[in-house]
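Chain by chain, the residues:
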Amino acid sequence: MSDQTAYIEQARYRKRQVIFSEGDVGSCMYAVDEGRVGIVADYGKPTEKLLTEIPVGAFFGEMGMVRGLPRSATAVALESDTLVSIVTWDTLGLYFKQSPAKVVGIMQQMAHRIESLSTDYMGACGAVNELSRRCDALADENRRLHKELAHRPAREERAPDMPIWDKVSGESEEEQNARFKRYVNEYQNYLRAMERRR
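What follows is about the overall build of the protein chain. Within the protein chain, the regular secondary structure consists of five helices and eight strands. Mapped from its N terminus to its C terminus, the protein chain presents α and β elements in the order α-β-β-β-β-β-β-α-β-β-α-α-α. Looking at the protein chain as a whole, 32% of its 198 residues are labelled buried. Summarising the internal contacts of the protein chain: among those between residues at least 6 apart in sequence, 75% fall at separations of at least 24. Working note: accessible area of the protein chain is about 13000 Å², and carbon and sulfur atoms make up 53% of it.

Turning next to the confidence of the model for the protein chain. Per-residue confidence for the protein chain averages 77 on the pLDDT scale, and 68% of its residues sit at or above 70. When pLDDT is averaged over each element of the protein chain, strand β2 (residues 18–20) comes out on top at 95 and helix α1 (residues 3–7) at the bottom at 50. pLDDT under 50 marks residues 1–6. Its contacts with residues more than four places away, or in other chains, come to eight contacts.

If you walk through the whole model with that rule in mind, you get three aromatic pairs. On the numbers, 5.7 Å between centres and 35° between planes, the contact of Phe20 with Tyr30 is tilted. Note that Phe20 is positioned in strand β2 and Tyr30 in strand β3 (residues 28–34), a separation of ten residues in sequence. According to the relative accessible area criterion, Phe20 is buried, its value standing at 9%. Tyr30 gets classed as buried once you look at its relative accessible area, which sits at 7%. Taken together, a centroid distance of 5.0 Å and an interplanar angle of 10° make the contact between Tyr30 and Phe60 stacked. Of this pair, Tyr30 sits in strand β3 while Phe60 sits in strand β6 (residues 59–60); the two residues are 30 residues apart in sequence, bridging distant segments of the chain. The exposure class of Phe60 is buried, given its relative accessible area of 1%. The structure contains a cluster of three or more aromatic residues connected by ring pairs, namely Phe20, Tyr30 and Phe60.

The next thing to look at is the sheet that holds strand β8 (residues 82–88). The sheet built from four strands is open, its strands ordered β1-β8-β3-β6 with antiparallel pairing. One side of each edge strand has no neighbouring strand; the edge strands of this open sheet are β1 (9–13) and β6. Looking at chain direction, β1 and β8 are connected through five bridges and run antiparallel. In the sheet register, Ala11 faces β8, and the bridge partner there is Val84.

In this structure, Ile19, Tyr30, Val37, Phe60 and Val84 are the most contacted members of the largest nonpolar core, which totals 17 residues. Taken together, the elements giving at least two residues each to this core come down to β1, β2, β3, β4 (37–41), β7 (74–77) and β8. A total of three residues in this core trace back to one element, the largest contributor, which is β3. Beyond its immediate sequence surroundings of up to four residues, Ile19 is in contact with Tyr13, Tyr30, Val37, Phe60, Ala75, Val76, Ala77 and Val84.

Our next topic: the sheet that holds strand β5 (residues 49–54). Ordered in space as β2-β7-β4-β5, the four strands form an open sheet in which the pairing is antiparallel. Only two strands of the sheet have a single partner each, and these edge strands are β2 and β5. Averaged over all neighbouring strand pairs, the angle between strand axes comes to 35°, with direction disregarded. As paired elements, β4 and β5 share five bridges and run antiparallel to each other. Directly across from Ala41, in β5, lies its bridge partner Lys49.

What counts, and at which threshold
- Residues numbered from 1 in each chain as written.
- Predicted model: local features only at pLDDT ≥ 70, side-chain atom pairs only at ≥ 80, totals over all residues.
- Heavy atoms only, no water.
- Helix = DSSP H or I, 4+ residues; strand = E, 2+ residues; numbered from the N terminus.
- Buried < 20%, exposed > 50% of the residue type's maximum accessible area, 1.4 Å probe, protein only.
- Contact = heavy atoms within 4.5 Å.
- Areas by Shrake-Rupley, 256 points an atom, 1.4 Å probe, with all protein chains shown as cover.
- pLDDT = per-residue confidence, 0-100.
- Phe/Tyr/Trp six-rings, centres within 6.5 Å; stacked < 30°, edge-to-face > 60°.
- Pairing = 2+ DSSP bridges.
- Core = buried A, V, L, I, M, F, W, Y, C linked by side-chain atoms within 4.5 Å.
- Axes fitted to C-alpha atoms, helices over the stretch in contact; angles between N-to-C directions.

As structure tokens, this is what we get:
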């Protein structure tokens, strides 16, 4: 038995056995000593998706341990006799002392994940800014058409009401996108109705 296994708890899993489940609160991280581990979204459901594979020598679960938040996906053994080391806050210093090269690996892995999260965040910000720009442009067009129609001679036939875009606080990006699509559809119907009146 090595010094590491004398102090660091290890666990062996059979193929498809769950190591931790999505939603579990993270209190430790893991190192793959033998076999492979899969990080899976919606494990056991029709929408199940393998997000990534963790090979021998790599870590997983460190973000849940550091942040103390629920696991964002399920970790599953992909091979029979998959062996992992379980590193807790109590054994973290000892693990680093016995395997100093692992410190660099963990730091690089966390830096890569943070970089990926930052890229995703910036992409989401760009999408929100573009949506806001499009909404403002439609609002300007709304006001222009409203003024134009106000100065036209009245007709006996009642003109259709122009859809109005209002900003709603507290909406999620998904809700705002859905409402924007409905608004665009209503606006196109309005323009077609106005075209028929000419």
